[in-house]
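Secondary and tertiary structure notes
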Amino acid sequence: MGINLKKEWMWMIDAERLRKDAFWKGLKVIESCENTIHIDAAEKYVKSFFFLFSDYLEISTQHDTLLVALREKKLKLKL
């Protein structure tokens, strides 16, 4: 039973790291946008991020942060 618990904790740690990495990658993707095609791809990334990680408690804050960053980038590019 102890081995199974250890595997479950390792999976949770890996999932947490994956979520955090995906969040930071999302910010980088948004920051690198230069035109409408890039913005469309970033919007798809944000939607996928929310869909994949919607089971986590912190996801709403991170999702909102990505949406705000995307909105600000659109204003900056005047789209």
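Each remark here, short or long, concerns the structure printed above.
Now for a description of the structure that goes with this document. (Residues numbered from 1 in each chain as written. Predicted model: local features only at pLDDT ≥ 70, side-chain atom pairs only at ≥ 80, totals over all residues. Heavy atoms only, no water.)

Applying the stated criterion across every chain, the model contains three aromatic pairs. Both rings, one in Phe23 and one in Trp24, keep their centres 5.3 Å apart while their planes meet at 70 degrees; by these two values the pair is edge-to-face. You can call Phe23 buried: its relative accessible area is 9%. Under the relative-accessibility criterion, Trp24 is labelled exposed at 53%. Relative to Phe53, the ring of Phe49 lies with its centre 5.2 Å away and its plane at 50 degrees, an arrangement referred to as tilted. Note that Phe49 and Phe53 are positioned in helix H2 (residues 36–53) at a spacing of four residues, about one turn of the helix. For the residue pair Phe49 and Phe53, the accessibility class agrees, reading buried in each case. Counting every residue linked through ring pairs, the aromatic cluster contains Phe23, Trp24, Phe49 and Phe53. (Phe/Tyr/Trp six-rings, centres within 6.5 Å; stacked < 30°, edge-to-face > 60°. Buried < 20%, exposed > 50% of the residue type's maximum accessible area, 1.4 Å probe, protein only. Helix = DSSP H or I, 4+ residues; strand = E, 2+ residues; numbered from the N terminus.)

Counted at 1.5 Å a residue, the expected span for H2 with its 18 residues is 26 Å, and the 26 Å between its end C-alpha atoms agrees. For H2, the full list of buried residues reads Ile39, Ala42, Val46, Phe49 and Phe53. For H2, the angular spread of the buried residues around the axis is 80 degrees, confining them to a single face. Exposed side of H2, more than 90 degrees from the buried face: Ile37, Lys44, Lys47, Phe51 and Leu52 are the residues found there. (Expected span 1.5 Å × (residues − 1). Arc of directions from axis to C-beta.)

All right, on to the nonpolar core then. Among the nonpolar cores identified, the biggest contains 13 residues, and Ile30, Ala42, Phe49, Phe53, Leu66 and Leu70 are the most heavily contacted of them. Put simply, the parts of the chain that give this core at least two residues each are helix H1 (2–31), H2 and helix H3 (59–77). Broken down by element, the residue count for this core peaks at five residues, all from H2. Those residues in contact with Ala42 that sit more than four places away from it in its chain are Val29, Ile30, Cys33 and Leu70. (Core = buried A, V, L, I, M, F, W, Y, C linked by side-chain atoms within 4.5 Å. Contact = heavy atoms within 4.5 Å.)

Pairs can form between side chains of opposite charge whenever their charged atoms are close. Counted according to the given criterion, the structure contains four salt bridges. Across the pair Glu16 and Arg19 runs a salt bridge, and its minimum N-O distance is 2.4 Å. Of the two residues, Glu16 and Arg19 both sit in helix H1, three residues apart, roughly one turn of that helix. Accessibility expressed as a relative area gives 1% for Arg19, which makes it buried. (Salt bridge = Lys/Arg side-chain N within 4 Å of Asp/Glu carboxyl O.)

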